[in-house]
Amino acid sequence: MLWHTHVAIGMLAGIITTPTTGKEMIIATYISSVAALFPDIDAPYSKIGRKWPVASRAVNLFLDIEE
């Protein structure tokens, strides 16, 4: 899945799960859209893996994932 798909699904999750509207929904949507990028942190060529290469390598080594 591409990074923008992760963000879109995270935004949808934030909108659906927030019981209020307004500022709280905007904050929840932002947080969930950013958090949706973290499942790909172990992939060095992902959006977040390129942003934080050291964390990406560390998670990849810790989880012992071969590419």
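Below is a summary of the structure that appears in this document.

Definitions and limits used
- Residues numbered from 1 in each chain as written.
- Predicted model: local features only at pLDDT ≥ 70, side-chain atom pairs only at ≥ 80, totals over all residues.
- Heavy atoms only, no water.
- Helix = DSSP H or I, 4+ residues; strand = E, 2+ residues; numbered from the N terminus.
- Rg over C-alpha atoms; globule rule 2.2 N^0.38 Å.
- Buried < 20%, exposed > 50% of the residue type's maximum accessible area, 1.4 Å probe, protein only.
- Areas by Shrake-Rupley, 256 points an atom, 1.4 Å probe, with all protein chains shown as cover.
- Contact = heavy atoms within 4.5 Å.
- Phe/Tyr/Trp six-rings, centres within 6.5 Å; stacked < 30°, edge-to-face > 60°.
- Patch = residues over 30% accessible without salt bridge, like charges linked within 9 Å, V, L, I, M, F, W, Y side chains within 5 Å.
- Salt bridge = Lys/Arg side-chain N within 4 Å of Asp/Glu carboxyl O.
- Polar contact = N/O pair within 3.5 Å; in protein donor to acceptor, adjacent residues only side chain to side chain.
- Axes fitted to C-alpha atoms, helices over the stretch in contact; angles between N-to-C directions.
- Left-handed = near helix turned anticlockwise from the far one by under 90°.
- Nonpolar A, V, L, I, M, F, W, Y, C, P; charged D, E, K, R; others polar.

1. A look at the overall build of the protein chain
Each helix and strand counted, the protein chain has four helices and zero strands in total. Against the 2.2 N^0.38 benchmark of 11 Å for 67 residues, the protein chain shows a C-alpha radius of gyration of 14 Å, more extended than a compact globule. With the principal axes as the frame, the protein chain shows a C-alpha extent of 40 × 20 × 20 Å. Relative to its full complement of 67 residues, the protein chain shows a buried share of 25%. For the protein chain, the accessible surface area stands at approximately 5100 Å², while carbon and sulfur atoms represent 71% of it.

2. Brief notes about the side chain of S56
As for its placement among the helices and strands, S56 is situated in helix α4 (residues 53-63). In this view, S56 contacts I41, D42, A43, P44 and G49; residues no more than four positions away in its chain are not counted.

3. Some words on the packing of aromatic side chains
One pass over the full model with this rule turns up one aromatic pair. Centre to centre, the rings of F38 and W52 are 5.9 Å apart; their planes meet at 45°, and the pair counts as tilted. Taken together, the positions of F38 in the loop between α2 (23-35) and α3 (47-51) and W52 in the loop between α3 and α4 put the pair 14 residues apart, joining distant regions of the chain. F38 gets classed as partly exposed once you look at its relative accessible area, which sits at 36%. The class for W52 is partly exposed, based on a relative accessible area of 43%.

4. Looking at a nonpolar patch on the surface
A contiguous nonpolar patch, built from I27, Y30, I31, V34, F38 and W52 and spanning about 600 Å² of accessible area, is present on the exposed surface. Position of V34 relative to the elements: it lies in helix α2. The exposure class of V34 is partly exposed, given its relative accessible area of 34%.

5. So, the environment of I9
By the element assignment, I9 lies in helix α1 (residues 3-17). Residues I9 and A36, 27 residues apart in the sequence, show an inter-C-alpha distance of 7.5 Å.

6. Focus on the side chain of S46
Among the structural elements, S46 can be located in the loop between α2 and α3. Within the structure, the side chain of S46 is placed 3.0 Å from the backbone nitrogen of G49, a separation counted as a polar contact.

7. Section: the packing of α1 against α2
Contact pair α1 / α2: the axes reach a minimum separation of 7 Å and the direction vectors enclose 145°. Crossing angle aside, the handedness with which α1 passes α2 is right-handed. For the pair formed by α1 and α2, the contact residues are V7, G10, M11, G14 and I15 on the first element and M25, A28, T29, S32 and S33 on the second. Split into classes, the residues belonging to the contact of α1 with α2 amount to five nonpolar, five polar and no charged.

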